[in-house]
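If you want the building blocks of each chain, they are given just below.
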Amino acid sequence: HAVIENVVMEDITISANSYGGGVVGVGEYVEISNCRVIGTDNILKGTHLGGVIGYAMNSEVRDSYNNGTIEASGDYLGGVVGYANLSQVENCYATVSASFTGITRGVLTNADSGNVGGLVGGAESSTIANCFNAGQANGSWGVSADGMSNDPLVVLSTGGIIGFAKTQAIVTDCYNLGLVSCDIIANGGGIAGKSDGATIQNCYNKGSLTSTTELEGGIMAFGGIVGSPINSTILKCTNYADIDYYYGYAGGIAGMGLDILLMMMGGEIESYLASLTTTTIQNCYNYGAIETIAAGGIAGMSTKYNFVDCVNVGDVGFYDATENSGSQGAAGIAAMAMGENSFERCYNIGNITGLDYLAGIVSQIQSLVDEEYAEISLNHCFNAGTLNMPDAGTASGLVGYATRAILTISNSASVGDVVYTNTSNSSTYTAGILGLIEGYSQSITISNCLVDMDVSLSIVGNTNIVAGIARTISATTVSIENCAIKMNVNSSSTLADENISSFYYDSSFQPSDV
């Protein structure tokens, strides 16, 4: 059992192929406290590299910090700890801004592959508590715009606090202020790049998330808290930062609940799904703007998730009139829900913008496996955000699109408005609760729901449908009961009476009826 304390390493240069640290390379049963690494020339090359310690096993690292530059080409790179196993990391930090701490700048870069964290590269069966990062965490292949065909297919996981939080890792009471950036095929998170079997709680992020390149064919999972969480729990976390990236899935709390390589390479999806346990996101808030092709206020893509007491305040989605591009799916809570998902007491008050399938709660629902159904439930969910459709498409109060679904919506409401601003000859479809339900869904059940929606049309188009409950439902069984619908349609152009659909619509209902 060794004790290392009150050590200051200043303006050092360290080169290591693996297990390198500014103070300790590998430590087992070691207590490190009040150690500082200062300067801009701390260069480590290899794997399991940390500003203070490279690999911590059954150890404690407390009250220590690093503000030096680390450059590495290997795996598990951390501002303070490269990799933690059965260890405690407490009251540690890394810094980037002189204005924040009065000391010099620190930057993390990973040129090739692996897991990069502002504090810890990776951890299992360990606790990271009361830590913060103000330094830039950057995971980058450094590939050119010519493409990535000659590069190894490796997923980078980059997080403001930790790159990869593994089984029984706990990250608690931490926050990130630094920029998180990565490129091509990557998981990026304000707190963790990726988590599998971990718990992230009482954390917040104020560091922006962005990509160093935007290459078509790449895929990103950006989350304000965790880029790619599976088999994990995220509790009482808040994101304040904006996320801006075109190709990928992004959410204010979670990016994508699916392995990127499996998605790209077409792996054995059935056995993978069978191995998943439920990921819970509870008591989480997002205030940041989410701009990507598949954007959710809380999650970009969810697979076997439970959302409980989650709130989105930030604006979601985007539209670029110059390029005529925008979000293909945007929603207040989840852009895409695949497999089994439940939404309990989730609320959206952020504005939603995009090209198609805009929704207050869930944009798109799909099954991951042929011959199976996506089982989705919404209970006590509420949307008050405005759905902005710059071009023609489908906008709905709660769910935008579903195929091969078993969908239950109960005790929920949408009071957000829908605004169309296009002047094209395309069609618009507006629905109070559901958009397009197709693909031989098994059952659709809606009960005790309320819609109070103003629809503004600026259209000279072909078909403009407004429906109280749904645009279209294709399902074996449909049950709708005790719903109150009030929809006011305002159009700057002529709207034929036959284009106001009576599909599950009764104008005599009033919101006070339920």
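None of these values were measured; they are calculated from a predicted model. (Residues numbered from 1 in each chain as written. Predicted model: local features only at pLDDT ≥ 70, side-chain atom pairs only at ≥ 80, totals over all residues. Heavy atoms only, no water.)

J.: Would you explain the side chain of S87 in this entry?
T.: Among the secondary structure elements, S87 is positioned in the loop between β13 (81-85) and β14 (88-90). A relative accessible area of 1% places S87 in the buried class. At a separation of 3.2 Å, a polar atom in the side chain of S87 contacts the main-chain amide nitrogen of N58. Those residues in contact with S87, other than ones at most four positions away along the chain, are A56, M57, N58, S59, S125, S126 and T127. (Helix = DSSP H or I, 4+ residues; strand = E, 2+ residues; numbered from the N terminus. Buried < 20%, exposed > 50% of the residue type's maximum accessible area, 1.4 Å probe, protein only. Polar contact = N/O pair within 3.5 Å; in protein donor to acceptor, adjacent residues only side chain to side chain. Contact = heavy atoms within 4.5 Å.)

J.: So what exactly am I meant to see when it comes to the nonpolar core here?
T.: Where a protein is soluble and globular, its nonpolar side chains tend to be buried together. Membership of the largest hydrophobic core comes to 100 residues, with the highest contact counts inside it found for I128, I200, I281, F343, I365, L378 and L434. If we ignore the near neighbours within four places in the chain, the residues touching F343 are F307, I333, A334, A337, I361, V362, I376, S377, L378, N379 and C381. Membership of the second largest hydrophobic core comes to 15 residues, among which are I230, A294, A335 and V369. (Core = buried A, V, L, I, M, F, W, Y, C linked by side-chain atoms within 4.5 Å.)

J.: Even after reading the chapter, I still don't get the pairing of strand β5 (residues 30-33), so can you show me in this structure?
T.: On any regular strand, side chains alternate: one points to one face of the sheet, the next to the other face. The alternating pattern of β5 places V30 and I32 on a buried face, while none of E31 and S33, on the opposite face, is buried. Bridge count between strand β1 (residues 2-5) and β5: 4 bridges; the pairing is parallel. By the bridge assignment, I4 is partnered in β5 with I32. Of the pairings in the sheet, the one linking β5 to strand β9 (residues 60-62) comprises 3 bridges and is parallel in character. (Pairing = 2+ DSSP bridges.)

J.: Explain a nonpolar patch on the surface here, please?
T.: Nonpolar side chains collect at one region of the surface, where L177, Y204, Y240, Y285 and Y287 lie side by side and expose about 450 Å² of accessible area between them. Following the sequence through the fold, Y240 ends up in the loop between β35 (238-239) and β36 (243-244). Overall, Y240 belongs to the partly exposed group, its relative accessible area being 40%. (Patch = residues over 30% accessible without salt bridge, like charges linked within 9 Å, V, L, I, M, F, W, Y side chains within 5 Å. Areas by Shrake-Rupley, 256 points an atom, 1.4 Å probe, with all protein chains shown as cover. Salt bridge = Lys/Arg side-chain N within 4 Å of Asp/Glu carboxyl O.)

J.: Mind showing me how you'd approach the packing of aromatic side chains here?
T.: Two descriptors summarise a pair of aromatic rings, namely the distance from one centre to the other and the angle between the planes of the rings. This model, assessed by the stated rule, comprises 14 aromatic pairs. Taking the centre distance of 5.7 Å and the plane angle of 10° together, the rings of Y55 and Y83 count as stacked. Separated by 28 residues along the polypeptide, Y55 in strand β8 (residues 53-57) and Y83 in strand β13 bring together distant segments of the chain. Classification of Y55 as buried rests on a relative accessible area of 18%. Note on Y204 and Y240: the rings are 6.2 Å apart at their centroids and 85° apart in plane angle, and the pair reads as edge-to-face. Residue Y204 is found in strand β30 (residues 204-205), and its partner Y240 is found in the loop between β35 and β36; the two are separated by 36 residues along the sequence. A residue is classified by how much of its surface remains accessible, and Y204, at 30% relative accessible area, is partly exposed. Among the aromatic residues, those joined into a cluster by ring pairs are Y65, Y93, F132, Y175, Y204, Y240, Y285 and Y287. Here the basic side chain of K206 rests over the ring of Y240, its NZ or CZ set 5.3 Å away from the ring centre. (Phe/Tyr/Trp six-rings, centres within 6.5 Å; stacked < 30°, edge-to-face > 60°. Lys NZ or Arg CZ within 6 Å of the ring centre and 35° of its normal.)

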